[in-house]
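# Analysis of the macromolecular model
Below are the chains, spelled out letter by letter.
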Amino acid sequence: MRILIIEDEPQLARHVNVALHRHGHEASVHHDGATGLKAALTTPPDLIILDVNLPSIDGFEVLAKLRAAKSAARVLMLTSRGEVGDRVRGLKAGADDYIPKPFAMEELVARVEALGRRVAAPLPSVALQVADLHMNVQQRRVLRSGEAIALSPREFDLLQILMEEPGRFFARTELYDRVWQREHSYDSRTVEMFITRLRKKIDSEFPVPLIHNLRNVGYTIRPPETEKETS
Ligand code: CA
């Protein structure tokens, strides 16, 4: 399992790191909330061991931001013993488990591995739909009017972003940041080119187009009944 440890006490972080490596896991340590969160979002781990009291941003805020960003990582929170409030707050905010400090390293490893078994279980399939366009995110399959449409990985990612929020206009720069991340410097033609390719595959063979653009605003996908502006 790939595990991220976000814990500001250097000695404790080191002990946890060593114990996890000894059990065959790949782990890395961050000592404050902001850098830990950034690491979790750039290279998504399977599991995050997250301390509550952290410098910069605390564990609850890290957790809220992870869940808002739709991170699928399992989160095991390190809470203070007796702080029932922390425990409840953590679980409500989307933590998968918690372990009160101080803890025995064997217990931590056992909890981590129990969560790991849940990670390995198949995720329920996520289905997105806009009019007669269907997307199965896990299987990376797209159908329009029951007809399979073959998309490249980047075309798929771009379409998924649009389909997650039908009707919302996305600026080219946002689409570029989310699909291409910081691979090379921004080139607006990249997004334009991919949208053109998507339109060819998704819309050109069908009577009603779903992908629209609004000059100087961006791109959206939406079902025909909510159509107001035209591209
Ligand atoms: Ca701490």
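Residues numbered from 1 in each chain as written. Predicted model: local features only at pLDDT ≥ 70, side-chain atom pairs only at ≥ 80, totals over all residues. Heavy atoms only, no water.

### A word on unusual backbone geometry
Stated precisely, the cut-off is as follows: Helix numbers and strand numbers start at the N terminus; a helix is a DSSP run of H or I with at least 4 residues, a strand a run of E with at least 2. Burial classes follow relative accessibility: with a 1.4 Å probe on protein chains only, a residue under 20% of its type's maximum area counts as buried, one over 50% as exposed, and anything between as partly exposed.
Omega for the peptide link from Lys 101 to Pro 102 comes to -5°, which places this bond in the cis form. You can see Pro 102 is positioned in the loop between strand 5 (97-101) and helix 5 (105-120). With phi around 50°, Ser 145 is a residue other than glycine that occupies positive phi space. With a relative accessible area of 47%, Ser 145 lands in the partly exposed category. Residue Asn 216 is not a glycine yet carries a positive backbone phi of 65°.

### Let's talk about the sheet that holds strand 7 (residues 133-136)
Either a parallel or an antiparallel arrangement is found when strands of a sheet pair, and the pairing is made through backbone hydrogen bonds. Applied cut-off: At least two DSSP bridges between two strands are required for those strands to pair. Working convention: axes come from line fits to C-alpha atoms, limited for helices to the stretch in contact. Angles between N-to-C directions cover 0 to 180 degrees. Residues count as neighbours in contact if any of their non-hydrogen atoms are within 4.5 Å of one another.
The strand order across the open sheet formed by four strands is 6-7-8-9, and the pairing between neighbours is antiparallel. The sheet is open, and its two borders are formed by strand 6 (127-130) and strand 9 (147-149), each paired with just one other strand. Strand after strand, the sheet turns through a mean of 25° between neighbouring axes, direction not considered. Sheet topology note: the strand 8 (residues 141-144)/strand 9 ladder contains three bridges and is antiparallel. Note that in strand 9 the partner of Leu 143 across the bridge is Ala 148. Here helix 6 (residues 153-164) sits on the sheet in contact with strand 6, strand 7 and strand 8, set at roughly 110° to strand 7.

### Description of helix 1 (residues 10-22)
Convention followed: To estimate how far a helix should extend, the number of its residues minus one is multiplied by 1.5 Å. The arc in question is formed by the directions pointing from the helix axis toward the C-beta atoms.
Along its 13 residues, helix 1 runs 18 Å from first to last C-alpha, staying within 8% of the 18 Å computed at 1.5 Å per residue. For helix 1, every residue scored as buried is listed here: Leu 12, Ala 13, Val 16, Asn 17, Ala 19 and Leu 20. Relative to the axis of helix 1, the buried residues are bounded by an arc of 165° and lie together on one face. Summarising the geometry of helix 1, the exposed residues directed more than 90 degrees from the buried face are Pro 10, Gln 11 and Arg 22.

### Side note on the environment of Val 130
When you line up the elements, Val 130 lands in strand 6. By relative accessible area, Val 130 is classed as buried at 2%. On a C-alpha basis, the gap between Val 130 and Pro 166 in space is 7.1 Å, while along the polypeptide they are 36 residues apart. Those residues in contact with Val 130 that lie beyond four places of it in its chain are Met 163, Pro 166, Leu 210, Ile 221, Arg 222 and Pro 223.

### What to know about the packing of helix 2 (residues 33-42) against helix 3 (residues 59-68)
Inclusion rule: An angle below 35 degrees is treated as roughly parallel, one above 145 as roughly antiparallel, one from 65 to 115 as roughly perpendicular, and anything else as oblique. In this scheme the handedness of a crossing depends on how the near helix is turned from the far one: anticlockwise by less than a right angle means left-handed, clockwise means right-handed. Residues were grouped as follows: Ala, Val, Leu, Ile, Met, Phe, Trp, Tyr, Cys and Pro as nonpolar; Asp, Glu, Lys and Arg as charged; and all remaining residues, including Gly, as polar.
Viewed as axis vectors pointing N to C, helix 2 and helix 3 meet at an angle of 20°, and their least axial separation amounts to 10 Å. It follows that helix 2 is roughly parallel to helix 3 by the angle criterion. Our pair here, helix 2 against helix 3, has a crossing hand that is right-handed. Together, Gly 33, Leu 37, Ala 40 and Leu 41 of helix 2 and Val 62, Lys 65 and Leu 66 of helix 3 make up the contact between the two elements. Grouping the constituent residues of the contact of helix 2 with helix 3 by class yields five nonpolar, one polar and one charged.

Any link to function would need more than the numbers given here.
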